[in-house]
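Next come the chains, spelled out residue by residue.
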Amino acid sequence: MVKTNFSMLVALLFISAGLAGCTSDESEKDQVFPQFSSVADNDETYNKARMSGSPFIVMFSAEWCNNPCHTSMFTIWEAIPELTVLVMSTDPAENASGITLQDWHEAANAFDDDDSTGDTGVTLTTYAFMKGVEAGEELGVTSPGTVMFVNADGYITATKVGMLEEPQEVLDLWETAQ
Ligand SMILES: [Ca+2]
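These figures come from a predicted structure and were not determined experimentally.

(A) Region of interest: the overall build of the protein. Secondary structure summary: the protein contains 6 helices and 7 strands in total. The secondary structure elements of the protein, listed N-terminal to C-terminal, are α-β-β-α-β-α-β-α-β-α-β-β-α. By the burial criterion, 43% of the 178 residues in the protein qualify as buried. The long-range share in the protein, meaning contacts at least 24 apart out of those at least 6 apart in sequence, stands at 74%. Counting only carbon and sulfur atoms, one obtains 53% of the accessible surface of the protein, whose full area is about 9,500 Å².

And the structure:
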């Protein structure tokens, strides 16, 4: 029993330490999403100027991140299809793990495919896959698994650390950016 409690304490301390660097605190609610400029898998350049005027979602991920990344991508799509989602890799290596941005997008699209029936599920057509190392570092995000909701003025209105599994949660967080 004592051992269990100690383990829980260690786990709680670990979780607290992990959350200390995130931006979900009320006090940081108005943090501006940093300037960035990145060429995505569709060869288009995305930056703050291009994104201003409409809310958007940034998912910090990586070429090699399957979960929570893929699950979160499809939960967002399930909640609201065809949203503009910038999927940013926190891995500075070009073609990390030998995966190009195009490969990465295709792997994500294939995540909900059913090989036995040939059903290809949905295709994440409005998601743009790019590097986001500098922006992530400015926000204290250096590993995959954080999703940020940004309003039309470029402010971060909500941050989700970890997997998005419930479409309703996406809707609630998206609402903060409207
Ligand atoms: Ca698919």
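(B) Highlighting the sheet that holds strand β7 (residues 156–161). As summarised here, the arrangement of the 5 strands in space is β5-β4-β3-β6-β7, forming an open sheet in which the pairing is mixed. Bordering the open sheet on either side are β5 (127–131) and β7, each of which pairs with just one other strand. On average, each strand axis in the sheet is tilted by 20 degrees relative to the strand beside it, whichever way the strands run. Bridging between strand β3 (residues 56–61) and strand β6 (residues 146–150) involves 5 bridges; their strand directions are antiparallel. Across the sheet, the residue bridging to Ile57 is Phe149, located in β6.

(C) Spotlight on the coordination of the calcium ion. For the calcium ion, the full set of protein donor atoms is Asn109 (O), Asp112 (OD), Asp113 (OD), Thr120 (O) and Val122 (O), and the range of their distances to it is 2.1 to 2.5 Å. Positions of the donor residues of the calcium ion along the chain correspond to the pattern N-x2-D-D-x6-T-x1-V.

(D) Main features of the packing of helix α3 (residues 69–79) against helix α4 (residues 101–110). Axis separation between α3 and α4 bottoms out at 10 Å; the angle between their running directions is 70 degrees. Here α3 is positioned roughly perpendicular relative to α4, judged by the angle of their axes. The element α3 and its partner α4 pack so that their crossing is right-handed. Contacts between α3 and α4 pair His70, Met73 and Phe74 from the former with Ala107, Ala108 and Asn109 from the latter. For the contact of α3 with α4, the per-class residue count stands at 4 nonpolar, 2 polar and no charged.

(E) A look at the side chain of Ser72. Position of Ser72 among the secondary structure elements: in helix α3. Residue Ser72 is classed as buried on the basis of its relative accessible area of 2%.

Calculation criteria
- Counting restarts for each chain, with residues numbered from 1 along the sequence as it is written.
- Where totals are concerned, whole chains, interfaces and linings use all residues; where local detail is concerned, this predicted model gives features only for residues with pLDDT of at least 70, and gives and counts side-chain atom pairs only at 80 or more.
- Side-chain metrics rest on all non-hydrogen atoms present in the structure, leaving aside hydrogens and water.
- Starting at the N terminus, helices and strands are each numbered in turn, a helix being any DSSP run of H or I of at least four residues and a strand any DSSP run of E of at least two.
- Three labels apply to residues, based on accessible area from a 1.4 Å probe with only protein chains included: buried if under 20% of the type maximum, exposed if over 50%, partly exposed otherwise in between.
- Contact between two residues is taken to exist if any of their heavy atoms lie within 4.5 Å; hydrogens are not considered.
- The Shrake-Rupley method, run with a 1.4 Å probe sphere, supplies the accessible areas, and residue values consider only the shown protein chains as cover.
- DSSP calls a pair of strands paired once it identifies at least 2 bridges connecting them.
- To get an axis, fit a line to the C-alpha atoms, keeping to the stretch in contact for a helix; angles then go from 0 to 180 degrees between the N-to-C directions.
- Coordinating donors are taken as N, O and S atoms within 2.8 Å of the metal, stretched to 3.2 Å for Na, K and Ca; because water is absent from the atoms, sites can appear incomplete.
- Roughly parallel means an angle under 35 degrees; roughly antiparallel, over 145; roughly perpendicular, 65 to 115; everything else is oblique.
- Crossing handedness follows the turn of the near helix against the far one: under a right angle anticlockwise gives a left-handed crossing, and clockwise gives a right-handed one.
- Just so you know the grouping, Ala, Val, Leu, Ile, Met, Phe, Trp, Tyr, Cys and Pro go in nonpolar, Asp, Glu, Lys and Arg go in charged, and all remaining residues, Gly too, go in polar.

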